Amino acid sequence: MKAREDISAGTLRALARRYWWAIGLLIAAIIVVVLVPFASSDPDGLERVAEDKQFLDSARDSRFDWLPDYSIPGIGGDLSTILAGLVGIAIVAGLIMLYGKYLVARRP
Amino acid sequence: MFGVPLFLLHAPDGFLSTPISTGMWFVTALALAVALRRANRTLDERSIPLMGVMAAFIFAAQMFNFQVAGGTSGHLLGGVLAAVLLGPWAGAVVMACVIAVQALIFQDGGLLVMGANIFNMGIVGTFGGYYVYRLIAGLLGGEERGRLPAAAIAGWLSVMAAAVLLSFQLAASDTSSLAVALPAMGGVHALIGIGEAAITVAALSFIAVTRADLFRLRDAAVSVH
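Definitions and limits used
- Residues numbered from 1 in each chain as written.
- Chains lettered and ligands numbered in written order.
- Predicted model: local features only at pLDDT ≥ 70, side-chain atom pairs only at ≥ 80, totals over all residues.
- Helix = DSSP H or I, 4+ residues; strand = E, 2+ residues; numbered from the N terminus.
- Rg over C-alpha atoms; globule rule 2.2 N^0.38 Å.
- Buried ≥ 20, exposed ≤ 12 C-beta atoms within 10 Å, placed from the backbone.
- Contact = placed C-beta atoms within 7 Å.
- Core = buried A, V, L, I, M, F, W, Y, C linked by C-beta atoms within 7 Å.
- Nonpolar A, V, L, I, M, F, W, Y, C, P; charged D, E, K, R; others polar.
- pLDDT = per-residue confidence, 0-100.
- Expected span 1.5 Å × (residues − 1).
- Arc of directions from axis to C-beta.
- Axes fitted to C-alpha atoms, helices over the stretch in contact; angles between N-to-C directions.
- Parallel < 35°, antiparallel > 145°, perpendicular 65-115°, else oblique.

Peer 1: Before we move on, could you go through the overall build of chain A and cite the residues and values that matter?
Peer 2: Across its full length, chain A holds four helices and zero strands. The linear arrangement of helices and strands in chain A, starting from the amino end, is α-α-α-α. In summary, chain A has a C-alpha radius of gyration of 21 Å against a globular reference of 13 Å for 108 residues, an excess of more than 25%. C-alpha atoms of chain A, sized along the principal axes, occupy 70 × 45 × 30 Å. The proportion of buried residues among the 108 residues of chain A is 28%. In chain A, the proportion of contacts linking residues at least 24 apart, taken out of those at least 6 apart, comes to 50%.

What follows is the structure, encoded as structure tokens:
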């Protein structure tokens, strides 16, 4: 019984070493799911200064809206933000992996 | 949840004039060309999964606004964290990717001002932050011993540098005067920079405990000619 536990713990450790990047992506996803709903909705540094110093009005709205302000149109509340965050994680990680493929391909 | 547009240092279009925005795009394009060229030449291929994880982590962490004094929030920039792990070149590529996706997909930060945003938040923290980090770590007896304090100081400075640069850009665009923008931006971001230092130190400590070997990837440069 003891030996079997050792093997499974060892296997888990080996898997974690091999797929550490998946654990890294999971941590990013956990931040979005667990922490982001508790993020402060107060204006941030630049916005606070823009408001106080009366130049907030010079901000122009974007000419297009895809997932504006980290939300999925049509879905409300925290779920919308969480889903938008997960989409964002997938896009940035996917773009970097594409860059990696390009980098490897152009090497002799 | 976010009733107001989010832009910690993510300037929206209109904050900077067209000449300043275009000029900053030019500088950023040059810097990114250098970063891509150097990364293409020297990046160890085993760093690529770490680049992907860093992009995902920095994107996620930038969504988490933490409270600072006086009804104001801030979030991680992450340039120094990326540069400590990946070096300045691959670090800048990761930051540019995150900031571009934020502007293009999530309308966080304008398109015309994206050059300035990538420069302030992505290039300064990686190109500049990396050398500040190495310098301080060297003074503290090497990276092994000085990693955390050096990253904390470089992280705080990277937020201050971004705030000061943006103040100059706002003033040059006649959006605000330097006498107004500089103390206001500097004051708020001196606090936000403490959050940057704390998150950078926490992330590096976590890696030191779980996968310290990842610290060696950065300098495992290959020579491909």
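Peer 1: Explain the overall build of chain B residue by residue, including any values.
Peer 2: Tallying secondary structure elements over chain B gives six helices and two strands in all. Whereas a compact globule of 225 residues would reach a radius of gyration of roughly 17 Å, chain B reaches 17 Å, a difference of no more than 12%. Each principal axis of the C-alpha distribution contributes one length, and for chain B these read about 45 × 40 × 35 Å. Per-residue burial over chain B gives 59% buried out of 225 residues. When contacts within chain B are restricted to residue pairs at least 6 apart in sequence, long-range pairs at least 24 apart make up 74% of them.

Peer 1: Please give an account of the nonpolar core that cites residues and values.
Peer 2: Within the largest apolar cluster, 105 residues are counted, with the highest numbers of intra-cluster contacts made by Val-92 of chain A together with Met-54, Ala-55, Ala-56 and Val-94 of chain B. In terms of residue count, helix α3 (residues 79–106) of chain B provides more of this core than any other element does, 20 residues in total.

Peer 1: Give a description of the interface of chain B and chain A that names residues and reports values.
Peer 2: On the side of chain A, 52 residues touch chain B, which itself brings 59 residues to the contact. Mapped onto the side of chain B that touches chain A, the elements with two or more residues apiece are α2 (47–63), β1 (66–68), β2 (72–74), α3, α5 (143–172) and α6 (178–210) of chain B. Examining the composition of the side of chain B that touches chain A, we find that 12 residues originate from one element, α2 of chain B, more than from any other. Residue composition of the side of chain B that touches chain A, grouped by class: 41 nonpolar, 15 polar and three charged.

Peer 1: Residue-level account of the confidence of the model for chain B, with values.
Peer 2: All names here are of chain B. Overall, the predicted model of chain B reaches an average pLDDT of 92, with 94% of residues at or above 70. Taken together, the stretch residues 1–7 has pLDDT below 50 and engages in 20 contacts with residues farther than four places along the chain or on a different chain. The ipTM for the predicted assembly is 0.92, set against a pTM of 0.92.

Peer 1: Before we move on, can you summarise unusual backbone geometry with the specific residues and values?
Peer 2: All names here are of chain B. The phi dihedral of Gln-107 falls on the positive side, at around 55 degrees, and the residue is not glycine. Among the structural elements, Gln-107 can be located in the loop between α3 and α4 (114–139). The class of Gln-107 is buried, set by 24 C-beta atoms lying within 10 Å. In this structure, Asp-174 takes a positive phi of about 60 degrees despite not being glycine.

Peer 1: Requested: an account of helix α2 (residues 20–35) of chain A, with residues and values cited.
Peer 2: A rise of 1.5 Å per residue sets the reference length of α2 of chain A, with its 16 residues, at 22 Å; its end C-alpha atoms lie 22 Å apart and thus fit the reference within 8%. Along α2 of chain A, the residues classified as buried are Gly-24, Leu-25, Ala-28, Ile-31 and Val-32 of chain A. One face of α2 of chain A carries all of its buried residues, which in axial projection span an arc of 105 degrees. In α2 of chain A, the exposed positions that point more than 90 degrees away from the buried face belong to Ile-30 and Val-34 of chain A. The inward-facing, buried residues of α2 of chain A contact α4 (77–105) of chain A together with α2 of chain B.

Peer 1: I'd like a rundown of the environment of Ile-136 of chain B, residues and numbers included.
Peer 2: Residues and elements named next belong to chain B. Note on placement: Ile-136 falls in helix α4. Sequence separation between Ile-136 and Pro-149 is 13 residues; the distance between their C-alpha atoms is 8.2 Å. Apart from residues no more than four positions distant in its own chain, Ile-136 is found in contact with Gly-146, Ala-150, Ile-153 and Ala-154.

Peer 1: Provide a residue-level description of the packing of α3 of chain B against α4 of chain B, including the pertinent values.
Peer 2: The N-to-C vectors of α3 of chain B and α4 of chain B enclose an angle of 175 degrees; their axes lie 9 Å apart at closest approach. When the axes of α3 of chain B and α4 of chain B are compared, the pair comes out roughly antiparallel.

Peer 1: Tell me about the environment of Leu-98 of chain A, and please be specific about residues and values.
Peer 2: Residues and elements named next belong to chain A. Among the secondary structure elements, Leu-98 is positioned in helix α4. Given 11 C-beta atoms within a 10 Å radius, Leu-98 is considered exposed. Between the C-alpha atoms of Leu-98 and Asp-65, which are 33 residues apart in sequence, the distance is 25 Å.

Peer 1: Break down the packing of α3 of chain B against α5 of chain B for me, with residues and values.
Peer 2: Residues and elements named next belong to chain B. Relative orientation of the contacting elements α3 and α5 amounts to 135 degrees, with a least axis distance of 8 Å. It follows that α3 is oblique to α5 by the angle criterion. Only Ala-151, Ala-154, Gly-155 and Ser-158 of α5 make contact with α3, whose side of the interface consists of Gly-79, Val-80 and Val-84.

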